[in-house]
Each structure stands twice: as C-alpha cells, then as structure tokens.
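A closer look at the structure
The lines below spell out each chain.
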Amino acid sequence: MTADVQDTGGETPADVRARETEEQMSDEERFSLLVSVMGANPVTPVRDKRIPQGVPMSAGYVPGVPRLGVPALLMSDASLGVTNPGYREGDTATALPAGLALGASFNPELARAAGGMVGREARSRGFNLQLAGGINLARDPRNGRNFEYLSEDPLLSAVLAAESINAIQAEGVISTIKHYSLNCNETNRHWLDAIIDPAAHRESDLLAFEIAIERSQPGAVMTGYNKINGAYAGGNSVLIEDVLKGAWGYQGWVMSDWGATPSWEFALKGLDQESGAQVDVAMWKAEPFVQPLKAAYAEGKLPKERLSEMVRRILRSMFASGIDSWEQVPEVAMARHNEIALETARQGIVLLKNDGVLPLTADANARIAVIGGHAHVGVPTGTGSSAVTPPGGYAAVIKIGGRGFMGAGRNLYLLPSPPLAELKKLLASAQIEFDPGMHPAESAMMARRCDVAIVFAIRVEGEGFDNPDLCLPWGQDAVIEAVAAANPNTIVVLQTGNPVAMPWRDSVKAIVEAWYPGQAGGLAIAEVLVGNVNPSGRLPITFPADLAQTPRPELEILGTPWGTPVTIRYNEGAEVGYRWFAKQNEQPLYAFGHGLSYTSFEYSDLEVEGGDTITATFTVTNTGDREGADVPQLYLTAAVGEPRMRLLGFERVALQPGQSRSMTVTADPRLLARYDAGAGQWHVSEGAYGIALGKAADNLAFTAEAVLTERRFGS
Ligand code: BGC
C-alpha cells in the first residue's frame, strides 16, 4: 500500500504545493522528472545533450519545470564530502575521514557538524541534492565499501546517519539515504541476490533505515544494486511499497542506484526515479524510464495515478527542503571545515592495544623509525563514488585498476597530510627517520638502531570490489614481523576500511586503527601518538580473530567473473557483528565498542527500570590523571531466558580527571522486541531481560535485570 498524499488529511504545505503543481503539468513534464542523467565522466565521457550548457557536471541531473517554479535537480556524491573526480577537473572539497571513523566516534554532534559541512559545500557549488546517508550494515569484513558506511549496528548507524542527513537538509539541500537494502557485498553487485529472513531483516538493516528515516526524513531513498530475496532492490515491492512507503509511511521519493534499473516495470513496484540513465544503457541496453515507461503509459500499463504519485513525491521533497527558493550562496569557511575533518579523524582513531609505549615521550634524544604506508606522502582514502579530491588536490594517485565499471577509479589516493611530517613537527627534537617498508630486512635494519619503530600499514578498499580476505597486501605483514623482531617498541598504525588479520599482534607493543583518516588525518594520527589527543574512538565493527569465526568463512561469490548471477545468504539474519559473536560464544580479536584511552574510566550506581521499555541510569568517572572521553554502552544480553545481544544505547562523554557524570539511557523498544512478520508488528514478550553496562561488547562491567510488560506495537 502506498501513502496517498491526497488522503492523509494532514497535508503539509509541501504536500499541497506538490499536488497543485503536479496537476498543472503536462505528461511530458511529468516524465522529465523521472530520469536523472550523469554528467560527463570517465564512464560516460560525452556531455549528455540533456544537460544544458552552463550546468555543472555531477552525478545526476534532472531538468526543472521553470514555468511552475520546479527547480532542476543537481545531484552530487556523497557522505564523506562533495565528490568531483571525473566531473569537474580541478574542483576540490573538504575530504572527511571514512564513515567508519565517524562511527568510531560514537558522536552524533560530530555527525551533525560533518553533515552541515557537506551541505554547505554542496550548496555553494549549486548542488541541491547530496547522495549521502550510506547506512548499510557492515555484515561481512570483506565488503569493499564498509569504509563508507558507519557500523555493524542498526542503532549506532541510524543515530549518526540521521544527524548527518538532518544537517545536510538544514542547509537547504536534499539528502538521500542509501543503499536500500542489503548492498553489503560488492562482488557482482548488479547480479547479486541477497537472501535474508524478512523478520531478521526488519531487526537489522531495515531497522537502521527505519530509525534514521523517522529521525531525519531524507528527501529521497536510493535503492541498492542487488536483489533481496529474488527481487531487485529497485523493483522490490515488498521493501518499497509494503515496508518503506506502507509500514513506515515514507513520503519522499525512491531513486535507483546508477545503472540499477533494468526494467520500466520497477515503476509498478514503487521506484519513482531512474538514476544515471546512461549507465543503464551500458548495463541493460536501455533507458527504461524514458521510452519504455512512456510506451507503458500509452498502453495503459502504467496507471495515471501512479505517474502522478511518482512526480508528487519528487516535488514534495523539493518543496519541503526549500531548494526552489535558494537565495544566497552560503559562506564556506574552508578552514573551519578542515577542523571538522580533523576532529572527526581525532575522535575516530581507535587505540586497539597499548603495552605502555604510547603516548610517545618527547625525549630530545629519541630515535624514531617511521616505516611504510607512504607516510612521507600522505594518508590513503577509500575508492569509488565517495572519494573526495581535497583542497590542493591529491598528494599522489597510484593507479591500481581492476575489472568492471569501478576498475578505472581503483587507485591509491593519498591525501596531503603526511604523518611523517606531522610527527616531525610535534616531536621537533627527536630524530625521526623514514623507511618505505619495501624490504623487511631493510626496515628491520633501521628499526634496530631506533628506540621506537612506527609501522604504517595500509590497504586500498573501495566500491565495486570485495577484499579476498583479511590480509594486509604488499607483504606488509612481513615488514611488521621483521621490524617487531628488531625493535621491542614497535607500534603499528593501520589505515584500513575493514578489520585486518594481525599475525604479529603479540610481538608489537601498540596497535592504532586510524581507518581512512581524511584530509587532516596525518595530523590526527601524530597527535594521538604523541598524546596531544587522548584517543577516544571505539570500534564500530567487530575485528574477528579469523574468518572462521564469522558467518561466512568462505565468501563463495569471490572471484566470479563480472556479470555472473550470484547469491549470498545472510544466514546470520539480525545477528550481525557482535550479536553473532555473542550468539556463537566466540571471542573476537577486538570487540565492537573496544577502544583504549590514556586515562581510565569507572562505572557505578547502575539502576535499571523496566515496564514498557528499559531505562538505565549510571555514573561514569574519569579515574585517571588526564582529560579524556569515554563511550559507556548499554546492552541487552538476554530476553526472557534466551541470550540476545543488542546495543540499547550509548553516550560519548568528555571528563576531566576525577570528574563524574550521571547518565540516563532509554532503549528504543524495537531493540527489545522481535519483529513478528505474521502479525506485521513488533512484539515484546513479558518477562525478565538481562541488561549490561559495558566498555565493549565483550567487556561488560555490570549486569542487571529488568522486567518488561508484554507489548505489540508498530507495523
Ligand atoms: C554508487 C552510489 C552513488 C552513485 C552516483 C553508484 O555507483 O553506488 O552510492 O551515489 O554511484 O555516483
């Protein structure tokens, strides 16, 4: 069932205007809104005739209807900044760290700052729709696109995505949320069928979308490339009609991903707009929402009401966001935006291990070896449509290549924030030398004559590719092993978009996960290493000890030739990440929520109340001797006698030494419920629920019990 704007009774001004505007349109005008075309870029090298001269190139262009005050849509990627590679030579924008870094901050305020930055920079370039809001859950540690997303947890992902979307839209720019749903692996994503139990889907990936959408009302939802339970995401009436527009009452429009509309009939399944039509030509040899959709309409196969609904949904989001009444170009303070990128990197860095070697002391005679990871040039980024060219351009681009559409953009992009130079600035009196980490023996020779060795290990991950395994490429494990054997004070700084295997874990003194740390990342890493910044990031994804512990030790789709129809069974259902590890009673290498600090925190006075939901109050105290931030986490551990692990709430808190803060967390009842697919409702069973307050999913300081009353609610 679709939400009918005419029957809602409580029409908003945007609803009214959308209805009245749509009524005045010709069919030709209606159809013109249903297709976006891509600007010239390496995949579609010729400027499409439909894009008027003077309109900036971007990921998507939809003409307006000036006589009715309908603006053209100019769409730009993505969540990590305003991307431009391939479209507008020379244009640059603030390059944020990976989504996982934001996830690791557990900080909604930072998400808001980052979203505002993206919205302002988009608007200042004339883009009125930002293809942001990537929220797919990190189900598989090989997914090449995990870096772009936020976490493996529905609540954490939803809270952060909603803040970012709200902030983008507060700048008068429409935001999407994407990729609806289960685009959780990249291999053959155009032919991938993701199989999941529908109720488990509601309790995991769909719950992330549900909470984020209700908190932020994004103007558009972008569907995934893949199929879900046999039907393409863009033509999946269960997900679009029944769940999104039906159960959740979503009022915005649904657009496809670029090249993900093989048939005009998707319009009958709830898809409102075809995106990047030229990519559909490359993929499926047709632009289905151009001639085929018009022909279907002429033959009566596409009802007039449906055509009107598609158009009204688009118009409604335009009018609700105010993109039709833009006046001034906002002021863009690039220095302030750099601060946001820097602060995100700082708060996103996770100190995984520290056997007393960090922070580095500013000993005048210290000899420090910095090894590998192109640390003398810059910091890496993830690749694909979210990669942003920073102000001043990349420090270096090393072509890597690969098959499929995304092969051309698979590069090692280095942002000009070299950790080596930043360390030298912060430790001006130390003797710091660099070794490229090319030959293990050569790196070991330098490490041997230094007091401390810092190895930078990197991995290129990105859109269109899954990683074959958890290993670091280019022989970096051998370099770390050789350095650790030569120097007892070895520190490893990882810059990766996923967990990695650490065969050398026990022989190094400290391990830092910096993700892809963005345009100010080198400085943030150096600040954490020397202790100017107290690390406060917490893992937003579980680091498995081994793939054998994960739901899919073998990822059978890997290595299939481009164009092969493949199936992936997400048999873990709602038990994603830490939930799976709890269910299987497996101990990961580093658990979800884990992250060390240079100070220490203690929790006390846990009180839990039941009833309709769970409310917990507790006190956090900084018991160390430095200022720092902690992220206490409240978990459900058991429901009516059955083990069930769910993050119920979290809050990041900055405390001075000795300072305490009392905190209250109230659980969203959907996190305490099971989704009853038969009844189409959430169901909380009556009984006792196990609650824990912890520092990580495997580090629970206190446990308690609360009794909940039976409830059925929602849809
Ligand atoms: C990606 C989307 C992106 C779109 C437009 C696709 O390849 O999956 O996330 O918004 O391209 O660039």
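Everything numeric in this text was worked out from a predicted model, so none of it was measured. (Residues numbered from 1 in each chain as written. Predicted model: local features only at pLDDT ≥ 70, side-chain atom pairs only at ≥ 80, totals over all residues. Heavy atoms only, no water.)

A separate point is the overall build of the protein chain. Helix and strand counts for the protein chain stand at 17 helices and 31 strands. The globule rule puts the C-alpha radius of gyration for 715 residues at 27 Å, and the 25 Å found for the protein chain is close to it. If one aligns the C-alpha atoms of the protein chain with their principal axes, the spans along those axes are about 80 × 60 × 50 Å. Of all intrachain contacts in the protein chain linking residues separated by at least 6 positions in sequence, the fraction that spans at least 24 positions is 76%. Surface exposure of the protein chain reaches about 23900 Å², of which carbon and sulfur atoms provide 50%. Across the protein chain, the centroid of the 59 positively charged side chains sits 4 Å from that of the 83 negatively charged ones. (Helix = DSSP H or I, 4+ residues; strand = E, 2+ residues; numbered from the N terminus. Rg over C-alpha atoms; globule rule 2.2 N^0.38 Å. Contact = heavy atoms within 4.5 Å. Areas by Shrake-Rupley, 256 points an atom, 1.4 Å probe, with all protein chains shown as cover. Lys, Arg positive; Asp, Glu negative; His and termini not counted. Charge placed at Lys NZ, Arg CZ, Asp CG, Glu CD.)

A side chain with one charge may pair with a side chain of the opposite charge, provided their charged atoms come close. As enumerated under the stated definition, the model contains 47 salt bridges in all. A salt bridge links Glu309 to Arg313; its shortest N-O distance comes to 2.6 Å. In this pair, Glu309 and Arg313 are both assigned in helix H11 (residues 304-321), four residues apart and thus about one turn of the helix distant. Grouping residues by exposure puts Glu309 and Arg313 together as buried. (Salt bridge = Lys/Arg side-chain N within 4 Å of Asp/Glu carboxyl O. Buried < 20%, exposed > 50% of the residue type's maximum accessible area, 1.4 Å probe, protein only.)

We now examine the sheet that holds strand S6 (residues 220-223). Strand order in this open sheet of six strands is S1-S2-S3-S4-S6-S9, and the pairing throughout is mixed. The open sheet has two edge strands, strand S1 (60-62) and strand S9 (253-255), and neither has a second partner. Pairwise comparison of adjacent strand axes, ignoring direction, gives a mean angle of 25 degrees for this sheet. For strand S4 (residues 174-180) and S6, the ladder comprises three bridges, and the chain directions are parallel. Each bridged residue has a counterpart across the sheet, and for Tyr180 the counterpart in S6 is Thr223. (Pairing = 2+ DSSP bridges. Axes fitted to C-alpha atoms, helices over the stretch in contact; angles between N-to-C directions.)

Here the focus is helix H5 (residues 154-170). The end-to-end C-alpha distance of H5 is 24 Å, a good match for the 24 Å that 17 residues give at a rise of 1.5 Å each. The buried fraction of H5 is high, at 15 of 17 residues. The distance from a side-chain oxygen at the start of H5 to the backbone nitrogen of Leu155 is 3.0 Å, and the residue carrying that oxygen is Asp153. Following H5 by one or two positions, Gly172 has its phi on the positive side, about 80 degrees. (Expected span 1.5 Å × (residues − 1). Polar contact = N/O pair within 3.5 Å; in protein donor to acceptor, adjacent residues only side chain to side chain.)

A word on the site of the ligand. In the vicinity of the ligand there are 13 residues, among which Asp77, Arg145, His179, Asp257 and Glu463 approach most closely. Within the contact set of the ligand, an oxygen atom lies 2.7 Å away from a side-chain nitrogen or oxygen of Arg145. The side chain of Tyr225 places a nitrogen or oxygen atom 3.0 Å from an oxygen atom of the ligand. In isolation the ligand offers 310 Å² of accessible surface; the protein chains occlude 95% of this area. Residue composition of the shell around the ligand, by class: five nonpolar, two polar and six charged. (Near = heavy atom within 4 Å. Nonpolar A, V, L, I, M, F, W, Y, C, P; charged D, E, K, R; others polar.)

Further remarks concern the side chain of Arg579. When you line up the elements, Arg579 lands in helix H17 (residues 578-584). Of the buried charged residues, Arg579 lacks a salt bridge, with Asp153 as the closest side chain of opposite charge at 4.1 Å. Separated by 3.3 Å, the side chain of Arg579 and the backbone oxygen of Glu203 make a polar contact. If we skip the residues at most four places from it in the chain, Arg579 touches Asp153, Pro154, Glu203, Ala574, Met645, Arg646 and Leu671.

This part takes up the packing of helix H4 (residues 108-124) against helix H12 (residues 334-348). Geometrically, a packed helix pair is captured by the angle between its two axes and the distance between the axes. Running from N to C, H4 and H12 cross one another at 145 degrees; their axes reach a closest spacing of 10 Å. At the point where H4 passes H12, the crossing takes the left-handed sense. Note on element contacts: H12 touches H4 through Met334, His337, Ile340, Glu343, Thr344 and Gln347, opposite Leu110, Ala113, Ala114, Met117, Arg120 and Glu121. (Left-handed = near helix turned anticlockwise from the far one by under 90°.)

For the rest of this paragraph, the subject is the sheet that holds strand S14 (residues 411-415). Ordered by their spatial adjacency, three strands build an open sheet running S12-S14-S13, and the pairing between neighbours is antiparallel. One side of each edge strand has no neighbouring strand; the edge strands of this open sheet are strand S12 (379-380) and strand S13 (396-399). By the bridge criterion, two bridges tie S12 to S14 in an arrangement that is antiparallel. When the sheet's bridge partners are listed, Pro380 is paired in S14 with Leu414.

Summarising burial for strand S29 (residues 687-696): eight of the ten residues are buried, a large majority. Pairing of strand S23 (residues 633-639) with S29, which is carried by six bridges, proceeds in the antiparallel orientation. Bridge assignment links Leu636 to a residue of S29, and that residue is Ile691. Looking at chain direction, S29 and strand S30 (residues 699-708) are connected through nine bridges and run antiparallel.

The next point concerns the packing of H12 against helix H16 (residues 521-530). Contact geometry of H12 with H16 gives a least axis separation of 8 Å together with a crossing angle of 40 degrees. Judged by the angle between their axes, H12 and H16 are oblique. Handedness of the crossing formed by H12 with H16: right-handed. Residues Leu342, Ala345 and Arg346 of H12 pack against Gly521, Leu523, Ala524 and Glu527 of H16. (Parallel < 35°, antiparallel > 145°, perpendicular 65-115°, else oblique.)

All right, on to unusual backbone geometry then. Here the amide bond leading from Asp77 into Ala78 is cis, since omega sits at -5 degrees, within 30 degrees of zero. Along the chain, Ala78 falls in the loop between strand S2 (73-77) and helix H3 (99-105). Cis geometry is adopted by the peptide bond preceding His179, which originates at Lys178 and carries an omega value of -5 degrees. Its location among the elements puts His179 in strand S4.

Two strands pair when backbone bridges link them, and strand S20 (residues 601-609) and strand S21 (residues 615-622) are joined in this way by seven bridges, in the antiparallel orientation. Along S21, the bridge assignment pairs Glu607 with Thr617. Connecting S20 to the next strand, S21, in antiparallel fashion are five residues, including Gly611 with a positive phi near 110 degrees.

Take helix H15 (residues 476-486) next. Taken across its eleven residues, H15 has eight buried, putting it largely inside the fold. Contacts made by the buried residues of H15 are with strand S11 (367-371), helix H14 (440-448), strand S16 (452-458) and strand S17 (490-495).

This part covers the confidence of the model for the protein chain. Segments scoring low in pLDDT should not have their predicted coordinates read at a detailed level. For the protein chain, per-residue confidence averages 96 on the pLDDT scale, and residues scoring 70 or more make up 98% of the total. Low pLDDT, under 50, characterises residues 1-7; the stretch is placed with 20 contacts to residues that sit more than four places away or in other chains. (pLDDT = per-residue confidence, 0-100.)

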